[in-house]
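# A structural walkthrough
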Amino acid sequence: MIKAEIPRSNKEDVKVSVDNGIVTIQGERKQEKEEKGKRFHRIERFYGNFVRSFTLPDNVDEAKIKATFKDGMLTLQIPKAAEAKRNPSR
């Protein structure tokens, strides 16, 4: 399992891909700007593109990886391949 906190991001702004044993999480956080009245109330947050990649073990069933995104938390369920479950010595 991989969990990634991506606060203030929308599901549409995050992309997960799996290619040749590497899972990649990428997306974009939009700039947030807030200013109020003569007495300034300013908010600054990090924004821009991000990308992070992880190498998966050989015993992963890439076709069955499932991703969920809720309340700024991305969760990837990464199941072992059927043969790896039967052979615990791997």
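This write-up is about the structure you can find in this document. Computed from a prediction, not measured in an experiment: that's the story for all the values here. (Residues numbered from 1 in each chain as written. Predicted model: local features only at pLDDT ≥ 70, side-chain atom pairs only at ≥ 80, totals over all residues. Heavy atoms only, no water.)

## Regarding the sheet that holds strand E4 (residues 48-55)
Formally: Any two strands between which DSSP finds at least two bridges are classified as paired. Numbered from the N terminus, helices here are DSSP runs of H or I no shorter than four residues, and strands are runs of E no shorter than two. Helix axes are fitted to C-alpha atoms over the stretch in contact, other axes to C-alpha atoms as well, and angles between N-to-C directions run from 0 to 180 degrees.
Taken together, the 3 strands give an open sheet; going across it, the order is E2-E3-E4, and neighbouring strands pair in antiparallel fashion. The open sheet is flanked by strand E2 (14-19) and E4, the only strands paired with a single partner. Across the sheet, the mean angle separating the axes of adjacent strands is 15 degrees when strand polarity is ignored. Alignment of E2 against strand E3 (residues 22-29), held across 6 bridges, turns out to be antiparallel. By the bridge assignment, Lys-15 is partnered in E3 with Gln-26.

## Looking at unusual backbone geometry
Threshold: Burial classification: accessible surface area is computed with a 1.4 Å probe over protein chains only, and a residue below 20% of its type maximum counts as buried, one above 50% as exposed, and the rest as partly exposed.
One non-glycine residue with positive phi stands out, namely Asn-20, at about 50 degrees. Within the secondary structure, Asn-20 is located in the loop between E2 and E3. Relative accessible area serves as the criterion here: at 71%, Asn-20 is assigned to the exposed category.

## Notes on the sheet that holds strand E1 (residues 2-5)
Strand order in the open sheet formed by 3 strands is E1-E6-E5, with antiparallel pairing between adjacent strands. Of all strands in the sheet, those bounded by a partner on one side alone are E1 and strand E5 (66-70). Averaged over all adjacent pairs, the angle separating strand axes in this sheet is 15 degrees, with direction ignored. As paired elements, E5 and strand E6 (residues 73-77) share 5 bridges and run antiparallel to each other.

## Section: the pattern of salt bridges
Side chains that differ in sign of charge can pair as their charged atoms come close. Filter applied, for reference: We define a salt bridge as a contact between a side-chain nitrogen of Lys or Arg and a carboxyl oxygen of Asp or Glu at a distance within 4 Å.
All told, the structure shown has 1 salt bridge when counted by the stated rule. Across the pair Lys-64 and Asp-61 runs a salt bridge whose closest N-O atoms are separated by 3.9 Å. The exposure class of Lys-64 is exposed, given its relative accessible area of 52%.

## A few points about the side chain of Thr-75
Applicable threshold: Only heavy atoms matter for contacts: two residues are in contact if any of them lie within 4.5 Å across the pair.
The topology assignment puts Thr-75 in strand E6. Overall, Thr-75 belongs to the buried group, its relative accessible area being 13%. Those residues in contact with Thr-75 that sit more than four places away from it in its chain are Met-1, Ile-2, Lys-3, Lys-66, Ala-67 and Thr-68.

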